[in-house]
Amino acid sequence: MSLQQVLYRTSATSTGGREGTTKANDGTFEMKLTTPKELGGNGAAGANPEQLFAAGYSACFIGALKFVGGRDKIAVPADTSINATVGIGLIPQGFGIEVKMDISLPGVDRATAEKLVEEAHKVCPYSNATRGNIDVTLNIV
């Protein structure tokens, strides 16, 4: 799927893979990367790609909820939160990931929350990028 119009571009540079560093090319962040013990690492302090994916997807999905809420005139609470859990494991071709998002929309009735989440899943760039490629579970809590 090609973009009709690019609205924003950014870039980051990683060096050393899971035992290296990653930084935004505009200098807004830089962090040490490390491999979790479960994947053979030593458990040293540092972030990993799965954590970064969980953070990015959950933040982006809240943005999609706000977009849909604005479009459909539904108030999205300021304290909306998403706990995203990313799992990594084996697939026939190598490794794959799965995502579960526990979505909290305080004060929003269940039917409205379901509508917001369903519509946000249609417009969220991460959802569109992963659709049909990985298992994504959306759970309203």
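One can find the structure itself at the top, above this paragraph.
Asker: Before we go on, may I ask you to explain the sheet that holds strand S4 (residues 81–91) in this structure?
Answerer: Two pairing modes exist for strands in a sheet, parallel and antiparallel, and in both the strands are linked by backbone hydrogen bonds. Pairing is mixed across the open sheet formed by three strands, whose spatial order is S4-S5-S6. Strand pairing shows two members of the sheet lacking a second neighbour, S4 and strand S6 (135–140), which therefore form its edges. Between one strand axis and the next, the sheet turns by 15° as a mean value, whatever way the strands run. Pairing between strand S5 (residues 94–104) and S6: six bridges, direction parallel. Looking across to S6, one finds that Asp-102 is bridged to Asn-139. Each of S4, S5 and S6 touches helix H1 (residues 49–72); the most contacted strand, S4, lies at about 135° to it. Against the sheet, helix H2 (residues 110–123) engages S5 and S6, with an angle of about 155° to S6.

Asker: Before we go on, may I ask you to explain the packing of aromatic side chains in this structure?
Answerer: For any pair of aromatic rings, the description consists of the separation of the ring centres together with the inter-plane angle of the planes. A complete count under the given rule lists four aromatic pairs for this structure. Geometrically, the ring pair formed by Tyr-57 and Tyr-126 is stacked, given 5.3 Å between the ring centres and 25° between the ring planes. A residue pair is termed long-range when its members are at least 10 positions apart, and Tyr-57 in helix H1 and Tyr-126 in helix H3 (residues 125–130) qualify at 69 residues. For Tyr-126, a relative accessible area of 27% translates into the label partly exposed. Each residue in the set Phe-53, Tyr-57, Phe-61 and Tyr-126 is aromatic and connected to the rest through ring pairs, giving one cluster.

Asker: Where do I start with the environment of Pro-125 in this structure?
Answerer: Take Pro-125: it is sitting in helix H3. Residue Pro-125 is classed as exposed on the basis of its relative accessible area of 51%. Pro-125 sits 95 residues away from Glu-30 along the chain, and the two C-alpha atoms are 24 Å apart.

Asker: Just checking my understanding: could you explain the sheet that holds strand S1 (residues 12–15) for this structure?
Answerer: Reading across the sheet, the three strands line up as S1-S2-S3 and stay open at both edges, with antiparallel pairing between neighbours. Only two strands of the sheet have a single neighbouring strand rather than two, namely S1 and strand S3 (30–32). Adjacent strand axes in the sheet meet at a mean angle of 10°, parallel and antiparallel pairs treated alike.

Conventions adopted
Residues numbered from 1 in each chain as written. Predicted model: local features only at pLDDT ≥ 70, side-chain atom pairs only at ≥ 80, totals over all residues. Heavy atoms only, no water. Pairing = 2+ DSSP bridges. Helix = DSSP H or I, 4+ residues; strand = E, 2+ residues; numbered from the N terminus. Axes fitted to C-alpha atoms, helices over the stretch in contact; angles between N-to-C directions. Contact = heavy atoms within 4.5 Å. Phe/Tyr/Trp six-rings, centres within 6.5 Å; stacked < 30°, edge-to-face > 60°. Buried < 20%, exposed > 50% of the residue type's maximum accessible area, 1.4 Å probe, protein only.

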